[in-house]
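Now for the letters of each chain:
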Amino acid sequence: MIDIHALTSGNSRALAKAITLVESKKLEHRSQAQELLEAVLPQTGNSIRIGITGIPGVGKSTFIEAFGLYLVSQGKRVAVLAVDPSSPIAGGSILGDKTRMELLSRSNDAFIRPSPSEGSLGGVALKTRETMLLCEAAGYDVILVETVGVGQSEYEVASMVDFFMVLMLPNAGDELQGIKKGIIELADALVINKADGESINLAEQTRRHYQNALHLLRHNSFWTPQVMSCSALKQENIEAVWGMISGFQIDATKNGSLSEKRARQAREWMSKLLHEMLDMKLKEHPQVKAEMPLLNQKVTNGETTPFLAAQRLIELLFSDKKET
Ligand SMILES: Nc1nc2c(ncn2[C@@H]2O[C@H](COP(=O)(O)OP(=O)(O)O)[C@@H](O)[C@H]2O)c(=O)[nH]1
Ligand SMILES: [Mg+2]
């Protein structure tokens, strides 16, 4: 069993155990985990949740090391999580990159957790969401959620954080950046990394390029997305990146948009989970399973309409509810 008191007083062993429970696929663990999450819910929400994405090699791990160490030096406690639908052993993921976060991983004020290898209901992203809540209950002030951008992971990360940041290379033009369409539009900040040495001028050019490009986008938030540059390796301008994000945190807290955004995200997750649960019930239901092939056939042959077939399956799903 998890010692809730140890967890909420910041014991990292209790936190690690709680995360293992949340990540477990065993059914009884699932309900224990939900009980735990509900119990600690009042102690959550007191962090700033920051999403970080960018192509492999852009410098995410180096940035997180520099940024995390800076935050620790400012008295913050930092948790680093990852959403990566590929195996955590594969290259590019947090685990393989722990060497680039050597100092941070040794800090008592930092907690680094690799991506869960898989999730059933809600996927890897749900596990990370729940882990984020546990970290908040354990008193972490800043949660960094990294993704290497496989599959839908950038969208999933953007939908669980307060502030979404895209790291970029000093190379003007999206084509060269290998960034998926739509990601730039989700960004609260674009940060051109590796603005050092011979790349300083190119980084500045790239910064201006995106600064102009962002003006063309419409934003339905009080926040105007920012474009900055930094050097994670030389630890330059890292403080300015934090200045921008903490400025956002202060304003978004004051004007209510932070709590509004979180509430919306939670409702969207509920809806997503509801659909996934219904889907699972459909797939498991014996009569639905039995009639599905026949109805598929009938729809294929034009003997019934897709509407009527779907309606029949829904009726089957709910027909036995009175008996149970
Ligand atoms: N010159 C320079 N190199 C950097 C910087 N940040 C990271 N790198 C290098 O870029 C490579 C990839 O960095 P890494 O943090 O592993 O990138 P990730 O794949 O996005 O996590 C490594 O060789 C880093 O040393 C930077 O600010 N400037
Ligand atoms: Mg990395």
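Treat the numbers as computed from the prediction; the structure is a model and nothing was measured. (Residues numbered from 1 in each chain as written. Chains lettered and ligands numbered in written order. Predicted model: local features only at pLDDT ≥ 70, side-chain atom pairs only at ≥ 80, totals over all residues. Heavy atoms only, no water.)

Glancing now at the nonpolar core. If you look at the biggest cluster of nonpolar residues, it comprises 50 residues, and the most contacted ones within it are Leu7, Leu15, Leu134 and Leu190. Top element by residues in this core is helix α6 (residues 123–137). It accounts for 8 residues. Residues in contact with Leu7, not counting those within four places in the same chain, are Ala14, Leu15, Ala18, Leu36, Val40, Leu134, Ala137 and Ala138. Counting residues in each nonpolar core, the second largest holds 37 residues, with Val142, Val191, Ile245 and Phe248 among its members. (Core = buried A, V, L, I, M, F, W, Y, C linked by side-chain atoms within 4.5 Å. Buried < 20%, exposed > 50% of the residue type's maximum accessible area, 1.4 Å probe, protein only. Helix = DSSP H or I, 4+ residues; strand = E, 2+ residues; numbered from the N terminus. Contact = heavy atoms within 4.5 Å.)

With respect to the helices and strands, Glu260 occurs in helix α12 (residues 257–284). C-alpha separation for the pair Glu260 and Tyr155, spaced 105 residues apart in sequence, amounts to 19 Å.

Looking now at the domain arrangement of the protein. In terms of domain boundaries, the protein breaks down into domain 1 (44–255) and domain 2 (270–319). Centre-to-centre, using C-alpha coordinates, domain 1 lies 41 Å away from domain 2. With 5 residues of domain 1 in contact, the opposing surface of domain 2 contributes 5 residues. Both sides together, the interface formed by domain 1 and domain 2 hides about 360 Å², and carbon and sulfur atoms give 74% of it. Taken together, the connections running from domain 1 to domain 2 amount to 0 salt bridges. Taken together, the connections running from domain 1 to domain 2 amount to 0 residue pairs in polar contact (both at pLDDT 80 or more). Classifying every residue of the side of domain 1 that touches domain 2 gives 2 nonpolar, 2 polar and 1 charged. (Domains from an automatic or database assignment. Buried area = accessible area lost by both parts, 1.4 Å probe. Salt bridge = Lys/Arg side-chain N within 4 Å of Asp/Glu carboxyl O. Polar contact = N/O pair within 3.5 Å; in protein donor to acceptor, adjacent residues only side chain to side chain. Nonpolar A, V, L, I, M, F, W, Y, C, P; charged D, E, K, R; others polar.)

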